[in-house]
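Listed below are the residues making up each chain.
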Amino acid sequence: MREQHAAVHTLLDEGLGLRPIARRLGLARNTVRRLANAATADELLVGRWTGRTSILDPYKPHLHQRWAEGCTVARRLFEEVRERGYPGGESVVKRYVQRLREAFPHDDPPRKAPSVRDVTSWITRHPDRLHDDQAQQLKQILARCPALDRTAEHVRTFADLMNDRRGQDLGQWMDGVQADDVPALHGFVNGLGQDLDAVVAGLSLRYSSGAVEGHNNKIKMIKRQMFGRANFDLLRKRVLLAARGRS
């Protein structure tokens, strides 16, 4: 309103009439006439908002207080005033909140802190697959927690053992973990020690049991499809027919 009032009076001072001003500003001629007849923009604003009563007026002090406290969600504010007896609809509150947002903008809300699952995923993921923001957050977290930093270093070393198939270095890695104060990894290391030869072979040889696990999953899928409808004989026939179809 203030911008339109200033623009209209500027063009009036240049000697333009109401119709040319309306065409230039894209306004209705009656609107231009009303703006031209007003000495100040405040004359047009009085009564538009300040002079008009609203069913929301008794609850505006609460809205102002909550807005100052950082609550800017219209839905939440509507529920709060409704609990205090507000009889109107949510749209009225939304419009008023929009005016508050335009008049008193808040800074962006603080970024949500990463969860335990997020940090675990960042530690176990290859550094090249982390976004810049994720890598920066992980760096800050590890800097604040030396124990977690040491744990992350052991995890990365173990990942290198798997990727490079350096099973011969597993014993040295396990000794390093046991000597360090990282209880979260001690249980994992003890589990590896129960079948150390198999683990070393898995980290050294190029063979994989992935194909066998794939067949097991396929058989389980066929079995679930027949759950409660057939016995082992039918399952055997379906597995053999599936194998014959692949051959």
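About the criteria used
Residues numbered from 1 in each chain as written. Predicted model: local features only at pLDDT ≥ 70, side-chain atom pairs only at ≥ 80, totals over all residues. Heavy atoms only, no water. Helix = DSSP H or I, 4+ residues; strand = E, 2+ residues; numbered from the N terminus. Rg over C-alpha atoms; globule rule 2.2 N^0.38 Å. Buried < 20%, exposed > 50% of the residue type's maximum accessible area, 1.4 Å probe, protein only. Contact = heavy atoms within 4.5 Å. Areas by Shrake-Rupley, 256 points an atom, 1.4 Å probe, with all protein chains shown as cover. Lys, Arg positive; Asp, Glu negative; His and termini not counted. Charge placed at Lys NZ, Arg CZ, Asp CG, Glu CD. Phe/Tyr/Trp six-rings, centres within 6.5 Å; stacked < 30°, edge-to-face > 60°. Core = buried A, V, L, I, M, F, W, Y, C linked by side-chain atoms within 4.5 Å. Polar contact = N/O pair within 3.5 Å; in protein donor to acceptor, adjacent residues only side chain to side chain. Patch = residues over 30% accessible without salt bridge, like charges linked within 9 Å, V, L, I, M, F, W, Y side chains within 5 Å. Salt bridge = Lys/Arg side-chain N within 4 Å of Asp/Glu carboxyl O. pLDDT = per-residue confidence, 0-100. Arc of directions from axis to C-beta.

Focus: the overall build of the protein chain
When helices and strands are counted, the protein chain shows 15 helices and 0 strands. Relative to the compact-globule value of 18 Å for 247 residues, the protein chain shows a C-alpha radius of gyration of 36 Å, a clear excess of over 25%. Dimensions of the protein chain, computed from C-alpha atoms along their principal axes, come out at roughly 95 × 55 × 45 Å. Of all 247 residues assigned to the protein chain, the portion counted as buried reaches 24%. Long-range pairs, those at least 24 residues apart, make up 45% of the contacts in the protein chain with a sequence separation of at least 6. Accessible surface computed for the protein chain: about 17,900 Å², of which carbon and sulfur atoms make up 52%. Averaging the locations of the 41 positively and 30 negatively charged side chains of the protein chain gives two centres separated by 12 Å.

Section: the packing of aromatic side chains
As enumerated under the stated definition, the model contains 5 aromatic pairs in all. Ring centres 6.3 Å apart and planes at 90° place the aromatic pair F78 and Y86 in the edge-to-face group. Classification of Y86 by relative accessible area gives buried; the value is 4%. Judged by centre distance (5.5 Å) and plane angle (85°), the ring pair of F158 and F188 falls under edge-to-face. One end of the pair, F158, is in helix 10 (residues 146-164); the other, F188, is in helix 12 (residues 183-193), and 30 residues separate them in sequence. Take F158: its relative accessible area is 12%, and that puts it in the buried class. Under the relative-accessibility criterion, F188 is labelled partly exposed at 38%.

Considering the nonpolar core
Core analysis: the biggest nonpolar cluster contains 14 residues, and L56, L63, L77, V81, Y86, V93 and V97 have the highest contact counts within it. Among the elements of the structure, helix 5 (60-68), helix 6 (74-83) and helix 7 (90-103) are those that each provide at least two residues to this core. For L63, the residues in contact, after removing those within four places along its chain, are L56, L77, V81 and Y96. Residues L161, W173, L192 and L203 belong to the second largest nonpolar core, which totals 12 residues.

Topic: the environment of A198
For A198, the position within the fold is in helix 13 (residues 196-204). Linking A198 and Q98, residues 100 residues apart in sequence, is a C-alpha distance of 65 Å.

Remarks on the environment of R101
One can find R101 in helix 7. Exposure remark for R101: the relative accessible area of 34% places this residue in the partly exposed category. Linking R101 and W67, residues 34 residues apart in sequence, is a C-alpha distance of 9.1 Å. Among the polar contacts listed, one links the side chain of R101 to the backbone oxygen of T72, at a separation of 2.8 Å.

Some words on a positive patch on the surface
Taken together, R19, R23, R29 and R33 make up a surface patch of like positive charges. At the level of elements, helix 2 (18-25) and helix 3 (29-37) are the ones that each hand at least two residues to the positive patch. With respect to the element layout, R33 can be found in helix 3.

Structural notes on the confidence of the model for the protein chain
The pLDDT averaged across the protein chain works out to 84; a share of 90% of its residues lies at or above 70. Taken element by element, the protein chain is modelled with least confidence in helix 4 (residues 42-45), mean pLDDT 60, and with most confidence in helix 11 (residues 170-179), mean pLDDT 92. Here residues 46-50 is a poorly scored stretch, pLDDT under 50, and it has 4 contacts once near neighbours within four places are set aside; other chains count.

Considerations on helix 6
Within helix 6, burial applies to A74, L77, F78, E80 and V81. Buried residues of helix 6 fall within an arc of 165° about the axis and therefore sit on the same side. Phi turns positive, to about 105°, at G85, one or two residues after helix 6.

Some remarks on the pattern of salt bridges
Counted by the stated rule, this structure contains 9 salt bridges. Between E69 and R66 there is a salt bridge, and its shortest N-O distance comes to 2.8 Å. Between E90 and K94 there is a salt bridge; the shortest N-O distance is 3.9 Å. Here E90 and its partner K94 are both found in helix 7, 4 residues apart, which amounts to about one turn of the helix. Assessed through its relative accessible area of 45%, K94 is described here as partly exposed. Salt bridges linked by common partners bring R75, E79, E90 and K94 together as one network.

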